[in-house]
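# Structure assessment
Chain by chain, the residues:
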Amino acid sequence: MTIGEKIAFARKKKGWTQTRLAEELGISSEAVSKWERGFYLPDEYNEERLTDLLGLSYLDDDGDPVNGRLFNEDHMSSFLKGKLNARDFPNASRALVFAKEKHEGALRSPKELNIPYIVHPLTMTCHALAMRLEEDELLAAILLHDVCEDCGVPPEELPVCEEVQRIVALVTKPEDRKAYSEEEYYKAILKDPRACLVKCIDRCNNVSGMALGFTPERIKKYVKETEEWYPRLLRVVKAVPEYNNAAWLLSYQIRSVLQTAKKID
């Protein structure tokens, strides 16, 4: 049962019309209709009120927790919008809108799974918040980390402050891959703890899903690169006291996935 179907079912069980539910929430009946039809999802504030008003213990998509899609991009986007607005994070709020616009229509690999690319930065941002990394500029950099490289947007044209532009520029590989040097790329990132953190969260997400879209040869190359550079990045992250817990969690997940991949090989 989808989120919209749950709202409709619980509303009807109470004998309420869409208009009655809208009045209870102080919103338009059109908004309720769009929720129920799946056009968009309630934000965090209204989600909490819906669970109380309709007697729901939770409001989320049902599905196969093992083989199904792990995350819903609309739900994550709605969740993040509420979180960022509540904390008055202007850079991250603008980055969320911009990243969704620029990644529109793009798919994660493998394309046949039909997973929107925006799932990747959204998942990373939710991951960061789950680790209590609540910094406007850091979250904005996470949301935008692939926009320059994948969408052809120069860092200086990103709708965020210069610090976020600088972090995104550090983690962006050159368009001309002949000019790319893995050593120069990572050594530049190692000079900045927040750039290291963005890359580590990115790598954590990518190694967790590499079995879906990577060939065996690419997995081997990815494992080798990760083992060479990411312990160094994590040491830089860990050296910042407020990032210490995040460094441990990221190290644990990355190492666990790599050890499993190597055993299977």
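Heads up: the structure comes first, above all this text.
Presented here is an overview of the structure given in this document. Since this is a predicted model, take the numbers as computed values, not measurements. (Residues numbered from 1 in each chain as written. Predicted model: local features only at pLDDT ≥ 70, side-chain atom pairs only at ≥ 80, totals over all residues. Heavy atoms only, no water.)

Moving on, we come to the nonpolar core. Ranked by internal contacts, the top residues of the largest apolar core, which has 64 residues, are Leu 133, Leu 144, Leu 158, Ile 201 and Met 210. Here the element with the most residues in this core is helix α12 (residues 193-213); it accounts for 9 residues. With residues up to four places along the chain from it excluded, the contact list for Met 210 reads Ile 219, Tyr 222, Val 223, Val 257, Leu 258 and Ala 261. Listed in part, the 12 residues of the second largest apolar core include Ile 7, Ala 10, Leu 21 and Trp 35. (Core = buried A, V, L, I, M, F, W, Y, C linked by side-chain atoms within 4.5 Å. Buried < 20%, exposed > 50% of the residue type's maximum accessible area, 1.4 Å probe, protein only. Helix = DSSP H or I, 4+ residues; strand = E, 2+ residues; numbered from the N terminus. Contact = heavy atoms within 4.5 Å.)

Turning to the side chain of Ser 77, a few remarks are in order. By secondary structure assignment, the location of Ser 77 is in helix α5 (residues 73-86). Ser 77 gets classed as buried once you look at its relative accessible area, which sits at 7%. Excluding residues that lie within four positions of it along the chain, Ser 77 makes contacts with Leu 96, Lys 100 and Leu 122.

So, on to the pattern of salt bridges. In total, this model carries 14 salt bridges according to the counting rule given. With a shortest N-O distance of 3.1 Å, Glu 225 and Arg 203 are connected by a salt bridge. With Glu 225 in helix α13 (residues 216-238) and Arg 203 in helix α12, this pair connects stretches of sequence that are 22 residues apart. The buried category is assigned to Arg 203, whose relative accessible area is 3%. (Salt bridge = Lys/Arg side-chain N within 4 Å of Asp/Glu carboxyl O.)

So, about the packing of aromatic side chains. Applying the stated criterion across every chain, the model contains 6 aromatic pairs. Ring centres of Tyr 185 and Tyr 186 lie 5.1 Å apart, and the angle between their planes is 75°; on these two criteria the pair is classed as edge-to-face. For the pair shown, Tyr 185 and Tyr 186 are each scored as buried. When the ring of Phe 214 is compared with that of Tyr 222, the centres are 4.9 Å apart and the planes differ by 90°; the resulting orientation is edge-to-face. For the pair formed by Phe 214 and Tyr 222, the shared burial category is buried. Of note, Arg 108 hangs over the ring of Tyr 117, and the distance from its end group to the ring centre comes to 5.3 Å. Taking NZ or CZ as reference, Arg 232 lies 4.2 Å from the ring centre of Trp 229, over its face. (Phe/Tyr/Trp six-rings, centres within 6.5 Å; stacked < 30°, edge-to-face > 60°. Lys NZ or Arg CZ within 6 Å of the ring centre and 35° of its normal.)

What follows covers α13. In a regular helix each residue adds 1.5 Å, so 23 residues correspond to 33 Å; α13 covers 31 Å between its end C-alpha atoms and thus fits that length. The largest bend in α13 comes to about 35°, at Trp 229, with the proline Pro 231 one to four residues further on. Looking only at α13, the buried set comprises Ile 219, Tyr 222, Val 223, Glu 225, Thr 226, Trp 229, Tyr 230, Leu 233, Leu 234 and Val 237. In the core, the buried residues of α13 are packed alongside α11 (182-189), α12 and α14 (244-264). (Expected span 1.5 Å × (residues − 1). Bend = angle between axes of the 7 residues up to and from the residue.)

So, about the environment of Asn 244. For Asn 244, the location among the structural elements is in helix α14. In the structure, Asn 244 is positioned 10 residues away from Leu 234 in sequence and 9.3 Å away in space, judged by C-alpha atoms. There is a polar contact of 3.3 Å between the side chain of Asn 244 and the backbone oxygen of Lys 238. (Polar contact = N/O pair within 3.5 Å; in protein donor to acceptor, adjacent residues only side chain to side chain.)

What follows covers the environment of Val 164. By the secondary structure assignment, Val 164 is in helix α10 (residues 162-171). Linking Val 164 and Leu 144, residues 20 residues apart in sequence, is a C-alpha distance of 8.8 Å.

So, on to unusual backbone geometry. Backbone geometry at Asp 88 places phi at a positive 55°, although glycine is not the residue there. Secondary-structure assignment places Asp 88 in the loop between α5 and α6 (90-102).

Such coordinate-based values are descriptive only and should not be taken to indicate function.
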